[in-house]
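Here is what each chain is made of, one letter per residue.
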Amino acid sequence: MTKKEQKLAIIMPGTQKDLFTGALIVLKESLLKNFPNFDVNKNCFVILNNNNDLSKLDLEDYNKIVVVDPNNKLIKIEEFIVKNCYRKVAQKFSWFLGKSTKIPTMKKFFGENSVHICNEHYFHSKSMPLGDYEMVLMGAIYTLTFGIVDSCPRTKRVAEAINIAKFKDKEVASGPIFLEKTIKQLFLELITKSESPLIADLISEFRLLKEAERKAKRTKIEHPTLGLLKVVKPKKGSITQNKSFFEKGFQLGYSAVAVRSANNSQEYELCLKNNLAKKIADEIPAIKRINGCRFIVSKEFLIQEPEIK
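The structure contained in this document is the topic of the report that follows.

Criteria and thresholds
Residues numbered from 1 in each chain as written. Predicted model: local features only at pLDDT ≥ 70, side-chain atom pairs only at ≥ 80, totals over all residues. Heavy atoms only, no water. Helix = DSSP H or I, 4+ residues; strand = E, 2+ residues; numbered from the N terminus. Buried < 20%, exposed > 50% of the residue type's maximum accessible area, 1.4 Å probe, protein only. Areas by Shrake-Rupley, 256 points an atom, 1.4 Å probe, with all protein chains shown as cover. Axes fitted to C-alpha atoms, helices over the stretch in contact; angles between N-to-C directions. Parallel < 35°, antiparallel > 145°, perpendicular 65-115°, else oblique. Left-handed = near helix turned anticlockwise from the far one by under 90°. Contact = heavy atoms within 4.5 Å. Nonpolar A, V, L, I, M, F, W, Y, C, P; charged D, E, K, R; others polar. Core = buried A, V, L, I, M, F, W, Y, C linked by side-chain atoms within 4.5 Å. Salt bridge = Lys/Arg side-chain N within 4 Å of Asp/Glu carboxyl O. Phe/Tyr/Trp six-rings, centres within 6.5 Å; stacked < 30°, edge-to-face > 60°. Lys NZ or Arg CZ within 6 Å of the ring centre and 35° of its normal. Arc of directions from axis to C-beta.

1. Topic: the overall build of the protein
Here is step 1 of the chain: The number of helices and strands found in the protein is 14 helices and 11 strands.
Here is step 2 of the chain: Across the 309 residues in the protein, those meeting the buried criterion constitute 46%.
Here is step 3 of the chain: About 16,900 Å² of surface is accessible on the protein, with carbon and sulfur atoms providing 50% of the total.

What follows is the structure in structure tokens.
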């Protein structure tokens, strides 16, 4: 008879500090040795936006469930388990928390050795000392505690990947789907010390985006019809979508923003603030009208006055 595969689940919030803390716990507890078939995509559950509903998670299917929660963000999970799970399921849990008045009660329910205060004492109290790599993770946790997100190459890499993942989710307005996938891949990188192709691609995208933002030629014009107009000429190959340029321009106080077409340097996509669009939409000599506020227009229509210095 084939021995049934032992399954590990990890539940944690999605902050950068939680990522490094979770990775350090996995290494200190030798969880990959005990659960060599751990699949970060299937068995790592990232809790975002305070969504603490575990009702869809089949807890009985796992042999061990680790909750990484150094800032006690997931305390409602404990309440759910106490109310809804049999003690047999509860005994599979290992908790790594910040200080809490709930800890004595939790130790009674989950077991004395299953609830840990996740601090420096825990990481240094085990018989196996921290190695060089684990000390790097500890250093990252310290700096992230003080809000320094790019203190070393690893924290910078995590920050860049998360930023571009948030940007991609915002562009498609589908919720934090890509962000959750990215966090899991970052976690995999930290616990295996190997590079994820997805994260490598994201880092490349992030740097291209920053380069495009730095080098994009932006022109301010006092337009006779549009008022204060911002003209954006993105660098060739820019991955930034026009919507982002529009939002940023309006936030800076412009009444209209135009972005040069990637395919035709003589055409621009023009977006007007709603109140302005209602007044002058019929006056726009559009090559094409996209909707009530957005138009494809010619370069000649936009560049009618000298640039504002």
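2. Observations concerning the packing of helix α4 (residues 75-84) against helix α6 (residues 103-110)
Here is step 1 of the chain: Direction vectors running N to C along α4 and α6 enclose 40 degrees, while the axes themselves pass 12 Å from each other. Taken together, the axis directions place α4 and α6 in an arrangement best described as oblique. Relative to α6, α4 is oriented so that their crossing is left-handed. The residues of α6 that touch α4, namely those facing E78, I81 and V82, are M106, F109 and F110.
Here is step 2 of the chain: Class assignment for the residues of the contact of α4 with α6 results in 5 nonpolar, no polar and 1 charged.

3. Here's the deal with the nonpolar core
Here is step 1 of the chain: I10, L19, F20, F38, L137 and F187 are the most contacted members of the largest nonpolar core, which has 48 residues in total.
Here is step 2 of the chain: Looking at this core element by element, the count peaks at 7 residues for helix α1 (residues 16-28).
Here is step 3 of the chain: In contact with F38, not counting residues within four places along its chain, are L8, I10, L32, N43, C44, F187 and I191.
Here is step 4 of the chain: Within the second largest apolar cluster, 22 residues are counted, among which are C85, W95, I103 and M106.

4. Details of the pattern of salt bridges
Here is step 1 of the chain: Scanning the entire structure with this criterion turns up 8 salt bridges.
Here is step 2 of the chain: The closest approach of N and O atoms between R207 and E160, which form a salt bridge, is 3.2 Å. Of this pair, R207 sits in helix α11 (residues 197-215) while E160 sits in helix α9 (residues 153-172), and the two are 47 residues apart along the sequence.
Here is step 3 of the chain: With relative accessibility at 48%, the residue R207 sits in the partly exposed group.
Here is step 4 of the chain: Note that K168 and E205 form a salt bridge whose closest N and O atoms lie 3.3 Å from each other. On the criterion of sequence distance, the pair formed by K168 in helix α9 and E205 in helix α11 is long-range, its members being 37 residues apart.
Here is step 5 of the chain: Connected via shared salt-bridge partners are R157, E189 and E195.

5. Concerning the packing of aromatic side chains
Here is step 1 of the chain: Summed over the entire model, instances satisfying the criterion amount to 7 aromatic pairs.
Here is step 2 of the chain: Cluster of aromatic residues (ring-pair linked, three or more members): F93, W95, F109 and F110.
Here is step 3 of the chain: Residue placement shows K7 over the ring face of Y62; its charged tip is 4.9 Å from the ring centre.
Here is step 4 of the chain: Above the plane of the ring of F178 lies K168, whose end atom (NZ or CZ) is 5.3 Å from the centre.

6. What about α4?
Here is step 1 of the chain: Within α4 the residues assigned to the buried category are I75, I77, E78 and I81. Seen from one end, α4 has its buried residues packed into an arc of 150 degrees, which puts them on one side. Facing away from the buried side of α4 by more than 90 degrees, the exposed set consists of K76, K83 and N84.

7. Quick word on helix α12 (residues 242-251)
Here is step 1 of the chain: Taken together, the buried positions of α12 are S244, F245, F246 and G249.
Here is step 2 of the chain: Among the residues trailing α12, G253 stands out with phi positive, at a value near 100 degrees.

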